[in-house]
Amino acid sequence: MEASGCASAALERLPFHNTALKKLPVDESEVQGSRTVPGACFSRIRAPQPLTRPTLVSVSRSALALLGLSAQEVQADPLAAEYLSGSRMLPGSEPAAHCYSGHQFGLFAGQLGDGAVMYLGEVEEGAGGRWEVQVKGAGVTPYSRDGDGRKVLRSSIREFLCSEAMAALGIPTTRAASLVTSDLYVNRDPLNSGRRIAERCSVVMRVAPSFIRFGSFEIFLGRDDFSGLQGPSAGRFDIRAQLLDYVIETFYPDIQESSREKRNMAFFREVMMRTAKLVAQWQCVGFCHGVLNTDNMSILGLTLDYGPFGFMDRFDPEFVSNASDKRSRYSYQAQPFVCRWNLVRLAEALGSELSATEAGMILDEFMPTYEAFYLSFMRKKLGLVRKEEPEDNQLISDLLQLMYNTGADFTNTFRLLSRVPWPEENQSERATVGPVVDLILQQCASIEELKHFGEKTYQDNIELAMILSMAQTNPAMFGMVADRPDVLKQLERMGRLKELLETDQDELKEKQRDDWICWVSRYRRRLAREDDGTSELFLLKKERLNVMNNANPRVVLRNYIAQRAIQAAERGDFSEVNRVLQVLEKPFVETFEMELLNEPNACADQETSTYDHKPPAWAMTICVT
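Residues numbered from 1 in each chain as written. Predicted model: local features only at pLDDT ≥ 70, side-chain atom pairs only at ≥ 80, totals over all residues. Heavy atoms only, no water.

Novice: Talk me through the overall build of the chain; I want residue IDs and the actual numbers.
Specialist: Scanning the chain from terminus to terminus reveals 22 helices and 13 strands. Of all 625 residues assigned to the chain, the portion counted as buried reaches 54%. Counting contacts in the chain only where the partners sit at least 6 residues apart, residues at least 24 apart contribute 73% of the total. Carbon and sulfur atoms provide 51% of the accessible area of the chain, an area that totals close to 26800 Å². (Helix = DSSP H or I, 4+ residues; strand = E, 2+ residues; numbered from the N terminus. Buried < 20%, exposed > 50% of the residue type's maximum accessible area, 1.4 Å probe, protein only. Contact = heavy atoms within 4.5 Å. Areas by Shrake-Rupley, 256 points an atom, 1.4 Å probe, with all protein chains shown as cover.)

Novice: Tell me about the packing of aromatic side chains, and name the residues and values.
Specialist: Applying the stated criterion across every chain yields a total of 17 aromatic pairs. Ring centres of phenylalanine 105 and tyrosine 330 lie 5.0 Å apart, and the angle between their planes is 45 degrees; on these two criteria the pair is classed as tilted. Here tyrosine 330 lies in the loop between strand S13 (310–311) and helix H9 (335–350) and phenylalanine 105 lies in the loop between strand S5 (101–104) and strand S6 (107–111), a separation of 225 residues in the sequence. Classification of phenylalanine 105 by relative accessible area gives partly exposed; the value is 37%. For tyrosine 330, a relative accessible area of 2% gives the class buried. Members of the aromatic cluster, joined through ring pairs, are Trp282, Phe287, Tyr306, Phe309 and Phe311. The ring of tyrosine 100 carries arginine 213 above its face, with NZ or CZ at 4.4 Å from the centroid. (Phe/Tyr/Trp six-rings, centres within 6.5 Å; stacked < 30°, edge-to-face > 60°. Lys NZ or Arg CZ within 6 Å of the ring centre and 35° of its normal.)

Novice: Got a sec to walk through the pairing of strand S8 (residues 130–136)? Specific residues and values, please.
Specialist: Among the 7 residues in S8, 7 count as buried, and that is most of the element. Here S8 shows no split at all, with Arg130, Glu132, Gln134 and Lys136 on one side and Trp131, Val133 and Val135 on the other all buried. Inspection of the sheet shows S8 paired to strand S11 (residues 197–208) by 5 bridges, in the antiparallel sense. Paired with valine 135 across the bridge in S11 is methionine 205. (Pairing = 2+ DSSP bridges.)

Novice: Which residues make up the confidence of the model for the chain, and what are the values?
Specialist: Here the chain shows a mean pLDDT of 90. Residues at 70 or above account for 89%. Predicted confidence is poor over residues 592–608, with pLDDT under 50, and the contacts of this stretch with residues over four places away or in other chains come to 21 contacts. (pLDDT = per-residue confidence, 0-100.)

Novice: Can you break down unusual backbone geometry residue by residue, with the values?
Specialist: The backbone of arginine 53 sits at a positive phi, close to 50 degrees, despite the residue not being glycine. Tracing the sequence through the fold places arginine 53 in the loop between strand S2 (42–44) and strand S3 (55–59). Of note in this structure, arginine 145 is not a glycine but carries a positive phi near 50 degrees. Since its relative accessible area comes to 49%, arginine 145 is described here as partly exposed.

Novice: Please set out the pattern of salt bridges residue by residue, giving values where relevant.
Specialist: Evaluation of the coordinates by the stated rule reveals 43 salt bridges. When the shortest N-O distance is used, the salt bridge between arginine 269 and glutamate 365 registers 2.5 Å. Here the residue arginine 269 occupies a position in helix H8 (residues 260–285), and glutamate 365 occupies one in the loop between helix H10 (356–364) and helix H11 (366–381), the gap between them amounting to 96 residues. Close ionic contact of glutamate 530 with arginine 526 constitutes a salt bridge, the shortest N to O distance being 2.9 Å. According to the relative accessible area criterion, glutamate 530 is buried, its value standing at 0%. One salt-bridge network, held together by shared partners, links Arg379, Glu388, Glu389, Glu391, Asp392, Arg526, Arg529 and Glu530. (Salt bridge = Lys/Arg side-chain N within 4 Å of Asp/Glu carboxyl O.)

Novice: Give me the lowdown on a negative patch on the surface, citing residues and values where you can.
Specialist: Taken together, Asp504, Asp506, Glu507 and Glu510 make up a surface patch of like negative charges. Among the structural elements, aspartate 506 can be located in helix H19 (residues 505–528). (Patch = residues over 30% accessible without salt bridge, like charges linked within 9 Å, V, L, I, M, F, W, Y side chains within 5 Å. Lys, Arg positive; Asp, Glu negative; His and termini not counted. Charge placed at Lys NZ, Arg CZ, Asp CG, Glu CD.)

Novice: Let's hear about the environment of valine 74: which residues, and what values?
Specialist: Tracing the backbone shows valine 74 in helix H4 (residues 71–75). Taking the C-alpha atoms as reference points, valine 74 and leucine 56, 18 residues apart in sequence, are found 9.6 Å from one another. When residues no more than four places from it in sequence are discounted, the contact partners of valine 74 are Leu11, Leu56, Leu64, Leu69, Ala80 and Leu84.

Novice: Quick one: what's the story with the environment of aspartate 504, residue by residue and with numbers?
Specialist: Here aspartate 504 shows up in the loop between helix H18 (485–501) and H19. For aspartate 504, a relative accessible area of 40% corresponds to the partly exposed category. For the pair formed by aspartate 504 and glutamate 448, sequence separation is 56 residues and the distance between their alpha carbons is 9.3 Å.

Novice: Which residues make up the packing of H8 against H11, and what are the values?
Specialist: Two elements in contact, H8 and H11, have axes separated by 8 Å at closest approach and are oriented at 40 degrees. For the element pair H8 / H11, the angle class is oblique. Crossing geometry of H8 relative to H11 is assigned as right-handed. Contact residues: H8 offers Met272, Met273, Thr275, Ala276, Lys277, Val279, Ala280, Gln281, Gln283 and Cys284, while H11 offers Phe366, Thr369, Tyr370, Phe373, Tyr374, Phe377, Met378 and Lys381. (Axes fitted to C-alpha atoms, helices over the stretch in contact; angles between N-to-C directions. Parallel < 35°, antiparallel > 145°, perpendicular 65-115°, else oblique. Left-handed = near helix turned anticlockwise from the far one by under 90°.)

Novice: Account for the pairing of strand S10 (residues 175–188), naming residues and giving values.
Specialist: Judged from the 4 bridges that link them, S3 and S10 form a sheet pairing that is antiparallel. Residue pairing in the sheet places leucine 56 in a bridge with valine 180 of S10. The pairing of S10 with S11 spans 10 bridges and is classified as antiparallel. Looking at the pairing, serine 178 lines up with methionine 205 of S11.

Novice: An account of the packing of H11 against helix H12 (residues 392–406) is needed here, citing residue identities and associated values.
Specialist: Interaxial distance between H11 and H12 falls to 11 Å at its minimum, and their mutual angle equals 75 degrees. Taken together, the axes of H11 and H12 lie roughly perpendicular to each other. Of the residues in H12, those touching H11 at Tyr374, Leu375, Met378 and Arg379 are Asp392, Asn393, Ile396 and Leu400. Grouping the constituent residues of the contact of H11 with H12 by class yields 5 nonpolar, 1 polar and 2 charged. (Nonpolar A, V, L, I, M, F, W, Y, C, P; charged D, E, K, R; others polar.)

Novice: Residues and numbers for H11, please.
Specialist: Over its 16 residues, H11 extends 22 Å from the first C-alpha to the last, a length consistent with the 22 Å expected when each residue adds 1.5 Å. Residues of H11 that are buried include every one of Phe366, Met367, Thr369, Tyr370, Tyr374, Leu375, Phe377, Met378, Arg379 and Lys381, and no others. Summarising the contacts, the buried residues of H11 are in contact with H8, H9, H10, H12, helix H13 (410–416) and helix H20 (537–549). Positive backbone phi, approximately 70 degrees, marks glycine 383, located one or two places after H11. (Expected span 1.5 Å × (residues − 1).)

Novice: Explain the environment of alanine 565 to me, using residue names and the numbers behind them.
Specialist: Along the chain, alanine 565 falls in helix H21 (residues 559–570). Taking the relative accessible area as the measure of exposure, alanine 565 reaches 0% and is therefore buried. Between the C-alpha atoms of alanine 565 and asparagine 578, which are 13 residues apart in sequence, the distance is 8.8 Å.

Next up, the structure:
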């Protein structure tokens, strides 16, 4: 059956150009199934693998607009679900899968590649630019290994919503244009418990300038000393040069240097800068990627591949979003260091294309660059817009330590700081800051919650258990290591738990209140120094509030929000997915509830109008792997 009418015509007239397949080597083999693919950056996919009764359940208007499409015309297309899921090929598309390798949890894993993703091509949409279009969950590719090439509704909803949430937060990201589900089922073990259940297959259409990643350059690596694996195109430095030329010429056209070496170094520096800025942005919204392997690091500095990600609720620098990351390799606080480690691996993969000495110097700049971006973003979150003072770093560090000690909600606490009154003369400090401190305290954990967090950390922390065992069984050995920073940190944590166990709720609240009043008072004294007398005070106050309210989101995609949408969708109700999408598209709006769907009764259901609330108790049981 052929589609007809202007609705179908819009999808069918997408201007595909597919530059990557023209400029990079493509595997043309017709051999079916998983296999090693040498000498190629892409493998063609010969035939679609249709879903059973695909159904379009959600679209992102802004992501579709990148392709020159409107949501209305796409939703009106009777073939949209088939086109957007890869069940039917769009005219002009050339299905393929990308070959890449990667270091996973620190070890080289050899060939990986798009095991469940199908490249459709690249669309060039006038002023909108050039966009690679993919469908994720569309079936088996040469890189599927033992997998079935399918993604389930649960993970597809999370990727769809978080891609668009990050874009609305102003954080570089791949985009998600649509979500299609079906009546095809596969068996999965969502909790890694050994119990497999049938889950509905779903597909997300992803859009980005490119999905090339650090791991794309690792296919040329020789045999690894630790894993014994090598890239599928080991030693093919001619293809490596071809891929590098394509990336720089296509995505970094501003790099114009007199020699290849200078060009390549300028490229590596730019990748370093983009990566440092990206991870600083993550840290400032409490985002934890979960699987920061080199194959999940975009060469363009985009947030890529949404798996077991998470936004922090209670601030905890050791927050781990991925339940299978038992060693906390990809914890929140580790992310900047892991990104630098991944850049080292990229430099190794580029090999002789870079000067080793200059690459080392650029890598040495990563942490200072990251810290400068982080401090700049954090100043905006505090509304420090006119001056940069040396004490700002300590003010921020003390705030985060206080948030950790009191179990404060990361997102809501920062949002509330805009309510801290501007310092005026002849004010009683406690009386003035008391109301906003009371609001902050509502975002802090109770003593029982803090005890629970502390005890769970103790139970889960193998290193701490070993230290305590050593203190009891071998005091001499313990004395030799007791002054190490990591041991001191663990002992400090143990001391904090002991103090909590000896404290009651009233004592805790009084201490928390005093501590918050102390910090807020320091913050107000710093605010006062913003006024240098060169502009009217009311303009400075207005600027401060505007900057803070556009740097501190009211809502992020917390796990419980995603889980609630998933549970409704698994019952066949996708209204919550669409409602959450609309909320996430305007994360800084103060009165977003009234705008939902532009319906007068949109917020009648209290259960769905609390996206900016602290998570309910059941949220702590959510397991994401």
